[in-house]
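Chains, contacts and geometry: an overview
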Amino acid sequence: MLNVKKFKGSLMQSELSVLFRRRRTWAMLTTISMIPIFLAIAVKLSGSTLPPGEGPPFLDRVSQNGMFVGFTAMILAIPLFLPLTIGVVAGDTIAGEANTGTLRYLLVAPVSRTRLLIVKFLGASAFALAATFTLMITGIAIGAILFPIGPVTLLSGDVISIPAALVRIFLVAIYVTISLMGLTAIGLFISTLTVIPVGAMAATVVVSTVTQILGTLPQLAVIHPYLISYYWLGFADLLRNPISLGSFASNTLLQLAYIAIFGSLAYGRFTTKDVLS
Amino acid sequence: MAQEVDPQYAIFTSGLTKSFGSHNAVDALDLRVPRGSIFGFLGPNGSGKTTTIRMLLGLANISSGEVSLLGSAIPDEIGIALPKVGALVEGPAFYPYLSGRDNLIRFDAADRHAPPQTRSARVDAALARVGLTQAAGKKVHAYSLGMKQRLGIANALLQPRELLVLDEPTNGLDPQGTREVRNLIRSLAVEGITIFISSHLLVEIEQICTHLAVMSQGKIVAQGSVEELSAGEELNLTLLTSDTELAVQGLKTYGINGVIDGKSVRALIPAGAHKPEDILKSLVDTGVGVKGFTLLAPTLEERFVLLTGEGFDVER
């Protein structure tokens with residue numbers, strides 16, 4: 001159980017407050033919210049309805065039902081933009097503190113290095129959650145403004161009510177947040193290797209990009225299920241009736257494995273290194 | 001700890017060493033910082049002072065040797081010692097996009113032992129103590145170096161401490177600010193807090209220190225109370241003569257190194273070995289035309305320069 005009284009005034013609360021008071025964080029969240037907005041405006045202005053199957057999935061449905069703006073925008077944001085923002089936040093975790101020198105003052109405050117790593121990981125994950133929900137909520141809002149809103153036809157052909165559709169949207173946002181947590185752990189590890197945050201950010205984004213490129217090479221099909229991005233676009237299962245949680249579970253397992261591996265590496269590195277910055 | 005630690009010491013190290021490859025940045029340090037002292041940790045830039053402080057505070061790994069900080073073994077019991085220690089390490093560092101006050105709140109929240117109920121009051125008291133109440137709401141990127149330095153000291157004072165470790169606390173301060181910091185340190189020492197203060201400028205801290213250690217190239221070359229260190233028996237010799245080369249040779253027969261300085265020769269005469277009057281007589285006998293012969297007990301600073309060698313930064 002989360003002890004609210006203990007949380008209040010803790011390092012975790014401080015971490016979130018510092019993260020969400022940074023202008024950079026808000027700039028990234030604003031940019032993320034622009035994705036569904038631009039998408040919806042583009043569809044509205046073009047006027048013509050796309051034949052099914054053209055453009056990104058669900059795009060053809062947007063003009064008939066605004067509820068689909070969020071889904072479509074999510075599919076557009078997953079390969080590049082969301083990993084980019086995760087790279088910035090996760091790459092900055094330790095390297096950013098080391099770069100400003102505040103790391104040494106946190107450690108002598110004192111914060112144990114293990115606790116700091118956990119807090120930093122949870123903080124970056126909270127950003128991922130904020131990012132996916134920002135995108136989804138903006139999507140619904142702009143969809144409701146520009147397009148008719150109504151019961152949603154699922155991929156299986158069934159029609160569900162708006163409240164039921166909101167539950168699916170919520171699940172998709174959670175799914176994408178979990179998808180990004182493995183990358184967050186990688187970013188955290190890279191961040192313990194350097195005192196130059198930009199380097200850690202770039203390296204994290206490179207990992208995400210390379211992984212996705214490997215995922216497109218059929219010759220490497222053997223390793224595909226182990227790639228961090230393997231299930232990234234797999235949330236379609238959540239849009240069927242009855243709801244299928246298979247890919248949700250597999251994705252969560254895969255991400256947990258990445259968190260365990262890169263969390264341990266980050267721990268091994270960070271708890272033994274000299275803080276000389 | 002293998003060695004029994006005398007509880008009268010706030011910091012006690014034996015054989016403390018930090019090596020980077022084959023180079024020992026800190027070499028077998030035996031620091032003895034008595035509780036309640038104002039301990040000046042002196043040495044030129046690059047002599048290993050900050051590396052030592054990093055090891056004391058658990059920021060850097062110890063290559064070999066042992067450290068006891070307020071009776072706790074470092075690094076194993078660091079969680080017990082650190083809440084009782086306030087530190088300013090290698091200059092102040094803050095989140096530039098947060099206000100001075102919010103920075104202190106952040107660091108205080110990081111300490112599990114700091115009661116959140118009193119946080120706001122303690123932060124305000126620390127800000128008031130260093131005279132930053134007016135600037136508390138300003139973002140730190142708008143602070144001058146002196147203000148950051150004072151905020152760093154405020155950060156060390158967020159809670160009642162037993163030991164303050166201040167690394168070059170007067171860096172970047174104007175003479176007025178330096179005086180204020182000295183007064184602050186004096187008032188803290190009156191409260192019984194042990195203060196460990198490093199500096200490369202003896203003149204900045206010699207007036208307030210009760211104890212000193214002098215570092216040079218990773219080693220302690222002198223350590224003790226200020227009285228002990230001032231009571232050395234060496235004498236500074238200044239010899240006025242035009243026969244400087246001859247005088248240096250003459251001194252060499254006594255095993256004394258003379259340094260030519262224009263029309264004079266300077267040398268340090270160790271205690272007990274030879275009477276200065278005998279040396280003078282033998283110099284005159286060998287044909288050195290002596291115009292003046294002055295003996296002075298060296299000041300602490302001269303001793304310090306002699307201990308740490310040439311090239312020492314003696315800017316005032």
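The model shown is predicted, which means the values in this text are computed figures rather than measured ones.

1. Remarks on the overall build of chain A
Of the regular secondary structure elements, chain A holds 11 helices and 2 strands. Along chain A, from the amino end to the carboxyl end, the secondary structure elements read α-α-α-α-α-α-α-α-β-β-α-α-α. Radius of gyration (C-alpha) of chain A: 20 Å, near the 19 Å computed for a compact globule of 277 residues. Principal axes of the C-alpha set define a box for chain A whose edges measure 60 × 45 × 35 Å. Across the 277 residues that make up chain A, the buried fraction comes to 51%. The contacts in chain A between residues at least 6 apart in sequence include a share of 77% that link residues at least 24 apart. As displayed, chain A has an accessible area near 12,000 Å², and 72% of this comes from carbon and sulfur atoms. Side chains of chain A carry 17 positive and 8 negative charges; the gap between the two charge centres is 13 Å.

2. Some points on the sheet that holds strand E13 (residues 258-261) of chain B
Backbone hydrogen bonds hold the strands of a sheet together, and the pairing may be parallel or antiparallel. Residue and element names in this part refer to chain B. Within the open sheet, the 4 strands sit side by side as E13-E14-E12-E15. Their pairing is antiparallel. Each of the sheet's edge strands pairs with one partner strand only, and the pair in question is E13 and strand E15 (290-296). When the angles between neighbouring strand axes are averaged without regard to direction, this sheet yields 20 degrees. The sheet contact formed by E13 and strand E14 (residues 264-269) spans 4 bridges and is antiparallel. Bridge assignment links Asp 261 to a residue of E14, and that residue is Ser 264.

3. Here's the deal with helix H1 (residues 49-56) of chain B
The buried count for H1(B) comes to 7 of 8 residues, which makes it a mostly enclosed element. Along H1(B), the residues that are buried comprise B:Lys49, B:Thr51, B:Thr52, B:Ile53, B:Arg54, B:Met55 and B:Leu56.

4. As for the domain arrangement of chain B
Entries for chain B in the domain assignment read domain 1 (9-230) and domain 2 (235-296). The centre of domain 1 of chain B, based on its C-alpha atoms, is set 43 Å off from the matching centre of domain 2 of chain B.

5. Quick look at the packing of helix H9 (residues 162-191) of chain A against helix H11 (residues 246-270) of chain A
All names here are of chain A. Put simply, H9 and H11 touch, their axes get as near as 7 Å, and they point 20 degrees apart. Relative to H11, H9 is oriented roughly parallel. In this structure, the crossing between H9 and H11 has a hand that is left-handed. Residues Leu 171, Ile 174, Tyr 175, Ile 178, Ser 179, Met 181, Gly 182, Leu 183, Ala 185, Ile 186, Leu 188 and Phe 189 of H9 form the contact with H11, whose own contacting residues are Ser 247, Phe 248, Asn 251, Thr 252, Gln 255, Tyr 258, Ile 259, Phe 262, Leu 265, Ala 266 and Arg 269. Residues that form the contact of H9 with H11 fall into these classes: 16 nonpolar, 6 polar and 1 charged.

6. A word on the packing of aromatic side chains
Any aromatic ring pair is given by two values, namely how distant the centres are and how the planes are angled relative to each other. Residue and element names in this part refer to chain A. Scanning the model with the defined rule gives 14 aromatic pairs over all chains in all. On the numbers, 6.2 Å between centres and 75 degrees between planes, the contact of Tyr 175 with Phe 235 is edge-to-face. Of the two residues, Tyr 175 is situated in helix H9 and Phe 235 in the loop between helix H10 (197-216) and H11; the sequence distance between them amounts to 60 residues. Assigned by exposure class, Tyr 175 and Phe 235 land together as buried. Ring geometry for Tyr 230 versus Tyr 231: centroids 4.8 Å apart, planes at 85 degrees, classification edge-to-face.

7. A few points about the environment of B:Ile38
Residues and elements named next belong to chain B. Assignment of secondary structure puts Ile 38 in strand E4 (residues 38-42). Owing to a relative accessible area of 6%, Ile 38 belongs among the buried residues under this scheme. Once the C-alpha coordinates of Ile 38 and Ala 189 are considered, the two residues, 151 residues apart in sequence, prove to be 6.9 Å apart. Not counting chain neighbours up to four residues away, the residues in contact with Ile 38 comprise Ile 185, Ala 189, Ile 195, Ile 197, Ile 208, Cys 209, Thr 210 and His 211.

Cut-offs used in this document
Residues numbered from 1 in each chain as written. Chains lettered and ligands numbered in written order. Predicted model: local features only at pLDDT ≥ 70, side-chain atom pairs only at ≥ 80, totals over all residues. Heavy atoms only, no water. Helix = DSSP H or I, 4+ residues; strand = E, 2+ residues; numbered from the N terminus. Rg over C-alpha atoms; globule rule 2.2 N^0.38 Å. Buried < 20%, exposed > 50% of the residue type's maximum accessible area, 1.4 Å probe, protein only. Contact = heavy atoms within 4.5 Å. Areas by Shrake-Rupley, 256 points an atom, 1.4 Å probe, with all protein chains shown as cover. Lys, Arg positive; Asp, Glu negative; His and termini not counted. Charge placed at Lys NZ, Arg CZ, Asp CG, Glu CD. Pairing = 2+ DSSP bridges. Axes fitted to C-alpha atoms, helices over the stretch in contact; angles between N-to-C directions. Domains from an automatic or database assignment. Parallel < 35°, antiparallel > 145°, perpendicular 65-115°, else oblique. Left-handed = near helix turned anticlockwise from the far one by under 90°. Nonpolar A, V, L, I, M, F, W, Y, C, P; charged D, E, K, R; others polar. Phe/Tyr/Trp six-rings, centres within 6.5 Å; stacked < 30°, edge-to-face > 60°.

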